[in-house]
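# Working through the structure, step by step
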Amino acid sequence: MLKLENVDMSYGDLQVLWDVSFEVHEGEIVVLVGANGAGKSSIIKTISGLQKVSNGKIIFDGADVTNQKPEDILKRGLVHVPEGRRLFNEMTVEENLIMGALWGEAKEKRAETMEICYDLFPKLRDRRTQLAGTLSGGEQQMVAVARGLMAKPKLLMFDEPSLGLAPVLVQDIFDIIKSVRKQGITVLLVEQNVQATLKFCDRAYVLENGKIVMEGTGQQLLNDDHVKEAFLGI
Amino acid sequence: MEMFLQSLISGLLVGGLYAIIGLGMSLIMGVLKIINLAHGQLMMVAMYVSWSAWNYLGIDPYLSVVLSVPFTFYLAKFLSKYLLNPLIEKDSILPENQVLMTVGIGMVLVELARFLFTSDYRSVQTSYTGQAWDLGGVSISIPLLIAFIVSLLLTAGLFYLLMKTDLGRSIRATAQDRLAASLMGVSAEKITVLTYGIGSALIAAAGTFFLPIFYLYPDVGPEFTAKAFVITILGGLGSTVGAITGGIVLALAETFGATYLSSGYRDAYGLVIFLLVLVFLPGGLKSLTKV
């Protein structure tokens with residue numbers, strides 16, 4: 001469904017992604033793991049069009065989307081839930097959800113999708129007229145996910161969804177991600193919480209210094225000595 | 001007492017127009033994150049459009065709003081697209097340079113106006129210019145009343161646009177978080193250009209409705225840029241509600257100052273309040289109302 005072929009990307013003179021190639025198949029949960037600064041978020045930003053590819057190709061749903069504008073990539077159903085949630089804090093929960101569904105089919109089915117989101121996150125229904133900035137961290141993350149769902153994604157990319165959340169909430173977020181997949185949405189996830197995510201993902205890629213160094217199923221990587229040493233501290 | 005009421009009413013009526021000027025400024029400041037120092041100059045352009053329509057074509061100044069507003073809207077969109085936006089895209093260019101660019105735009109507009117229309121004071125004479133409505137000793141100027149009603153309608157229209165439409169939400173979203181907005185498919189570039197256009201269209205409307213009340217000359221531009229600046233600081237930077245209160249406070253300060261102290265220092269009273277606000281209430285009136 002999503003395929004990166006030998007992608008290089010630089011911030012100015014500083015190259016951060018080197019020859020990155022990977023694939024996400026329809027219906028999968030794929031995780032990119034790696035230490036801080038390994039380039040995980042940079043990959044997501046590059047896929048969603050916020051950063052320009054200097055070399056290589058990004059193919060989504062059979063179409064070349066390399067270096068397209070973020071809005072055009074979004075309209076194809078490739079949706080990015082950003083790191084740190086990035087809600088519109090001075091807008092209500094409902095307005096935040098509306099912002100997720102500005103275009104095409106998502107806009108036509110706005111009311112319908114919103115009901116689905118409220119069923120998924122009943123707490124948000126109670127808080128729909130509240131300003132997003134006044135919600136708790138966990139609730140804000142729910143809004144961020146729901147806002148992503150409002151766009152009717154085929155593939156939803158999460159950038160560090162558990163960052164800054166209390167441990168009890170982290171499990172909730174992972175449950176949410178699993179329920180997203182149950183709705184037929186493919187998931188690409190970037191996480192620092194390596195052990196927990198490797199347990200429920202289908203496949204994972206390990207990133208070091210902007211290069212993909214390893215790939216495999218979650219279980220394979222959990223048992224891998226290098227992964228154990230580098231990320232799990234075992 | 002009558003004198004007090006008279007000042008209060010005049011102040012409030014002018015305040016409506018000042019509020020529109022402030023709203024345009026807040027809108028631009030919210031999205032572009034810069035102070036638009038060509039604000040009053042764009043208003044002056046709109047006033048000359050209306051004056052020309054009246055002088056050469058005999059069009060009533062209030063009707064010529066259908067010419068001055070679109071003209072200023074498209075002029076502002078052009079300016080922001082080709083002169084301001086290219087400066088945002090280059091990381092190496094300081095944001096301050098955009099402010100300097102607006103200063104440059106303002107100067108060019110003023111001197112162009114001087115070249116085309118000379119520095120002479122212009123005014124329009126209409127059948128209703130001097131008319132007033134007598135309410136037992138307090139008189140309400142008809143042009144000011146019309147201007148006030150129009151400014152209420154414009155304010156209501158702007159709030160409807162911002163709160164109830166996708167476009168308005170996109171503008172607010174871009175002001176709050178540019179990156180998140182672009183992930184929602186909102187092109188920050190288009191919103192920036194459009195916001196500069198809408199903000200300028202608002203002052204264009206205000207300018208046209210000022211025309212039967214004030215004299216027009218090229219340097220009226222910088223004067224109103226200063227007023228717009230005072231209004232936004234009074235109200236609190238970037239606050240729409242603050243822009244309205246700021247506009248009314250400035251207008252009241254000017255009218256009461258002119259009535260009770262000396263009308264020669266009309267423009268100074270607002271600046272005195274401005275200084276007091278900066279010293280004692282740095283967040284503007286916004287910090288009192290929390291909106």
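## Thoughts on the overall build of chain A
- Secondary structure summary: chain A contains 11 helices and 10 strands in total.
- Taken against the 2.2 N^0.38 rule, which gives 17 Å for 234 residues, the C-alpha radius of gyration of chain A at 17 Å falls within 12% of a compact globule.
- Judged by the C-alpha coordinates and their principal axes, chain A covers about 45 × 40 × 30 Å.
- When each of the 234 residues of chain A is scored for burial, the buried share is 53%.
- Sequence separation of 24 or more characterises 65% of the internal contacts of chain A that already satisfy a separation of 6 or more.

## A short note on the interface of chain A and chain B
- Taken residue by residue, the interface counts 22 residues in chain A and 17 residues in chain B.
- Summed over both partners, the interface of chain A with chain B buries about 1800 Å², with 60% contributed by carbon and sulfur atoms.
- For the chain A face of the interface with chain B, the top three residues by lost area are Arg86, Phe88 and Met99 of chain A, together amounting to 28%.
- Where chain A meets chain B, there are four salt bridges.
- As a salt-bridge pair, Glu95 of chain A and Arg172 of chain B come within 3.0 Å of each other at their nearest N and O atoms.
- Inspection of the region where chain A meets chain B yields seven residue pairs in polar contact (both at pLDDT 80 or more).
- Only α2 (70-75) and α3 (93-100) of chain A provide two or more residues apiece to the side of chain A that touches chain B.
- The element that contributes the greatest number of residues to the side of chain A that touches chain B is α3 of chain A, accounting for four residues.
- Split into classes, the residues belonging to the side of chain A that touches chain B amount to 11 nonpolar, four polar and seven charged.

## Details of the packing of helix α1 (residues 2-32) of chain B against helix α10 (residues 240-260) of chain B
Residues and elements named next belong to chain B.
- With their axes 6 Å apart at the nearest point, α1 and α10 run at an angle of 145° to one another. Seen along the crossing, α1 lies across α10 with a hand that is right-handed.
- Split by residue class, the contact of α1 with α10 holds 16 nonpolar, 10 polar and one charged.

## Structural notes on the nonpolar core
- Tyr18, Ile21 and Met44 of chain B are the most contacted members of the largest nonpolar core, which has 78 residues in total.
- The element that contributes the greatest number of residues to this core is α1 of chain B, accounting for 13 residues.
- By size, the runner-up hydrophobic cluster in this structure holds 50 residues, among which are Leu74, Met114, Phe158 and Ala204 of chain A.

Conventions and cut-offs
- Residues numbered from 1 in each chain as written.
- Chains lettered and ligands numbered in written order.
- Predicted model: local features only at pLDDT ≥ 70, side-chain atom pairs only at ≥ 80, totals over all residues.
- Heavy atoms only, no water.
- Helix = DSSP H or I, 4+ residues; strand = E, 2+ residues; numbered from the N terminus.
- Rg over C-alpha atoms; globule rule 2.2 N^0.38 Å.
- Buried < 20%, exposed > 50% of the residue type's maximum accessible area, 1.4 Å probe, protein only.
- Contact = heavy atoms within 4.5 Å.
- Buried area = accessible area lost by both parts, 1.4 Å probe.
- Salt bridge = Lys/Arg side-chain N within 4 Å of Asp/Glu carboxyl O.
- Polar contact = N/O pair within 3.5 Å; in protein donor to acceptor, adjacent residues only side chain to side chain.
- Nonpolar A, V, L, I, M, F, W, Y, C, P; charged D, E, K, R; others polar.
- Axes fitted to C-alpha atoms, helices over the stretch in contact; angles between N-to-C directions.
- Left-handed = near helix turned anticlockwise from the far one by under 90°.
- Core = buried A, V, L, I, M, F, W, Y, C linked by side-chain atoms within 4.5 Å.

Read these as layout, nothing more, since geometry by itself doesn't imply function.
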